[in-house]
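Chain residues, written in single-letter form:
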Amino acid sequence: MEERVVFCVGLALLPLLFPFASPLNDEGKALMSIKASFSNVANMLLDWNDAHDEDFCSWRGVFCDNVTFSVASLNLSNLNLGGEISPAIGDLGNLQSMDLSDNFVYGDIPFSVSKLKKLELLNLKNNQLTGPIPTTLTQIPNLKTLDLARNQLTGEIPRLIYWNEVLQYLGLRGNSLTGSLSPDMCQLTGLWYFDVRGNNLTGPIPDNIGNCTSFEILDISYNQITGGIPYNIGFLQVATLSLQGNRLTGKIPEVIGLMQALAVLDLSENELVGPIPPILGNLSYTGKLYLHGNKLTGPIPPELGNMSKLSYLQLNDNKLLGTIPAELGKLQQLFELNLANNELEGPIPHEISSCTALNQFNVHGNHLTGSIPLAFRNLQSLTYLNLSSNYFSDRIAIELGRIINLDTLDLSRNNFSGPVPASVGDLEHLLPSEFGNLRSFQIIDMSFNNLSGSIPAELGQLQNLAALILNNNNLHGKIPDQLTNCFSLATLNFSYNNLSGVIPPMRTFHVFQQTALLETHCCVATGWDQYADLVLQNPGLYSPEQQLFV
């Protein structure tokens, strides 16, 4: 009798002990509907099995609450899934996080997502979703992270999204969204990340942009934003301000120089005019300053040398005048300095050699004069040096050979004279002393100068050399046999010199194609059977196979 009573009591307690048995089945069926709407699930969601739908907490990508055993998180990112998002997603009423990023999911974002009142994170980036952003997403009261980047979404950004006080992260880059930036965007008082890069947004930057005081990242780059940069943008406390690739006009507001939190300032590829405000030198925490591709005029402010954290300075493709400030030599952390395609004049200040972290230096297309500073040999981190299309003269300094990591050297279209430096094997200092020992070289271009002498045999040590361009000089003598050791050589141009002798049997050039020809009247190696092109305007060269004097 007692056993029967215990058994009956046990049956009565079952609903109390397992109150969530029924919801488990409902959520399991919802998950199976979600799976059915996806494609390419055979291997990725193999354990999603409707025969064991009460065990879904152990399924791949499904994470349940430890107390309620309901689905709290769904992470199916980067599983190569296709298909669409099932409306059944709205039946996972306790879902707090959903991540379907980095798949091939297409179709619309289902309106049923708005039923997920506990959802805090929705990550659908890097898919093929189409259609508009559902306005019903604004009905999710706890949504903190909304990442829809890199899809094919169209239409305008729903204005009601801007009134979500808890939203912290809004990622919409890389879609086809239209419309303009709403002044309501500053109602996102909890937002720190705002990214609409790479859409089709038009219109101006809202005049009240300075009221978006919670923003830390503001990226509206690569849209079709027009008008000027509002003055009150200086009230922002952002670490990254990216406005590049739009159609912004007017001058750079001086107030930007007061934005002490800036780490990245990118105003490049717009239509900005006027001078670079010297007050930008006050940005002592800025590591990246991109102003290239505008119509900026005037000199480079010496005050930029006070930006002690600066690593990237790109001022190229403007209309800047004057000289290169010696104060830039104070930038100890400078990694890239690009001043190409301006109207700068005078010499390169030797103080630049104090930028010992410098990796790339480009002054192509200016009116610079003088010679290469001898102190450049101290730039041991330099890999890219482009001094082309200027008015540099004098001899090419043999000290360049001490820049042991240099892989691209472009000195073309200048007035350099004297010989191409050759190695002297400075073993006493245990440093390679000239070009022949720079084994990391990939490109050497000294064309269109007044170089004389012969081609150094030491160049044959450059086994990684991909391009050797020496055309339009006054070189004489023969082509060194040692160049046969340049196994990576893909472009060779010796045209319009005074070379003579037998062309070496360069076995490594047999793989060259006709398409390697740079231009009709250049001597470019495209296979050693193409001697007629190779020896053009070098009348003393001839082919060993044909014994043909050209």
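Each value, and the rule that gives it
- Residues numbered from 1 in each chain as written.
- Predicted model: local features only at pLDDT ≥ 70, side-chain atom pairs only at ≥ 80, totals over all residues.
- Heavy atoms only, no water.
- Helix = DSSP H or I, 4+ residues; strand = E, 2+ residues; numbered from the N terminus.
- Buried < 20%, exposed > 50% of the residue type's maximum accessible area, 1.4 Å probe, protein only.
- Contact = heavy atoms within 4.5 Å.
- Areas by Shrake-Rupley, 256 points an atom, 1.4 Å probe, with all protein chains shown as cover.
- Pairing = 2+ DSSP bridges.
- Phe/Tyr/Trp six-rings, centres within 6.5 Å; stacked < 30°, edge-to-face > 60°.
- Polar contact = N/O pair within 3.5 Å; in protein donor to acceptor, adjacent residues only side chain to side chain.
- pLDDT = per-residue confidence, 0-100.
- Disulfide = S-S within 2.5 Å.
- Salt bridge = Lys/Arg side-chain N within 4 Å of Asp/Glu carboxyl O.

Focus on the overall build of the protein
Part 1: Scanning the protein from terminus to terminus reveals 3 helices and 39 strands.
Part 2: Evaluated residue by residue, the protein yields a buried proportion of 52% over its 550 residues.
Part 3: Restricting to contacts in the protein with at least 6 residues of sequence separation, those with at least 24 account for 49%.
Part 4: Taken as a whole, the protein presents about 23,600 Å² of accessible surface, with 53% of it coming from carbon and sulfur.

Describing the sheet that holds strand E20 (residues 273–274)
Part 1: On the basis of which strands lie adjacent, the open sheet formed by 3 strands has the order E20-E22-E24 and parallel pairing. Either end of the sheet is taken by a strand with one partner, and the two such strands are E20 and strand E24 (319–321).
Part 2: Taken together, the 2 bridges between E20 and strand E22 (residues 295–299) define a ladder with parallel strand orientation. Bridging across to E22, Val273 finds its partner in Lys295.

Comments concerning the packing of aromatic side chains
Part 1: Using the criterion set out here, one finds 10 aromatic pairs in the structure.
Part 2: When the centroid spacing of 5.9 Å and the interplanar angle of 70° are considered together, the rings of Tyr169 and Trp192 count as edge-to-face. Of this pair, Tyr169 sits in strand E11 (residues 169–171) while Trp192 sits in the loop between strand E12 (176–178) and strand E13 (193–195), placing them 23 residues apart in sequence.
Part 3: Relative accessible area serves as the criterion here: at 33%, Trp192 is assigned to the partly exposed category.
Part 4: Three or more aromatic residues joined by ring pairs form one cluster here, namely Trp48, Phe56 and Trp59.

Side note on the sheet that holds strand E14 (residues 202–203)
Part 1: The 3 strands lie next to each other as E14-E16-E18, forming an open sheet whose pairing is parallel. The open sheet has two edge strands with one neighbour each: E14 and strand E18 (247–248).
Part 2: By the bridge criterion, 2 bridges tie E14 to strand E16 (residues 224–227) in an arrangement that is parallel. Within E16, the position partnered with Thr202 by the bridge is Gln224.

What about the side chain of Ser101?
Part 1: Among the secondary structure elements, Ser101 is positioned in the loop between strand E5 (97–99) and strand E6 (106–107).
Part 2: Residue classification places Ser101 among the buried residues on the basis of a relative accessible area of 3%.
Part 3: Within the local environment of Ser101, its side chain forms a polar contact with the side chain of Asp99, the two groups lying 2.7 Å apart.
Part 4: If we skip the residues at most four places from it in the chain, Ser101 touches Ser77, Asn78, Asn123, Leu124, Lys125 and Asn127.

Some words on the confidence of the model for the protein
Part 1: Scored by pLDDT, the protein comes out at a mean of 85, with 83% of its residues at no less than 70.
Part 2: Taken as a whole, residues 1–24 scores under 50 in pLDDT and shows 5 contacts with residues more than four places along the chain or in a different chain.
Part 3: Predicted confidence is poor over residues 546–550, with pLDDT under 50, and the contacts of this stretch with residues over four places away or in other chains come to 12 contacts.

Side note on the state of the cysteines
Note: disulfide means a covalent bond formed between the sulfur atoms of two cysteine side chains.
Part 1: With the rule as written, the count across this model stands at 2 disulfides.
Part 2: One disulfide in the model links Cys57 with Cys64; its S-S distance is 2.1 Å. Taking the torsion about the S-S bond as the criterion, the Cys57 to Cys64 disulfide, at about -95°, is left-handed.
Part 3: Disulfide pairing places Cys186 opposite Cys212 at an S-S distance of 1.9 Å. Torsion about the S-S bond of the Cys186 and Cys212 cystine: about -80°, corresponding to left-handed handedness. With Cys186 in the loop between E12 and E13 and Cys212 in the loop between E14 and strand E15 (217–219), the pair connects residues that are 26 residues apart, well separated along the chain.
Part 4: For Cys186, a relative accessible area of 11% puts it in the buried group.
Part 5: Given the relative accessible area of 1%, Cys212 is considered buried.

Things to note about the pattern of salt bridges
Side chains that differ in charge, positive against negative, can pair when their charged atoms come close.
Part 1: Applying the stated criterion across every chain, the model contains 5 salt bridges.
Part 2: One salt bridge connects Asp91 with Lys115, and the closest N-O pair in it is separated by 3.4 Å. One end of the pair, Asp91, is in the loop between strand E4 (82–83) and E5; the other, Lys115, is in the loop between E6 and strand E7 (121–123), and 24 residues separate them in sequence.
Part 3: What makes Asp91 partly exposed here is its relative accessible area of 45%.
Part 4: Residue Arg159 is joined to Asp184 by a salt bridge in which the shortest nitrogen-to-oxygen separation is 2.6 Å. One end of the pair, Arg159, is in the loop between strand E10 (152–156) and E11; the other, Asp184, is in the loop between E12 and E13, and 25 residues separate them in sequence.

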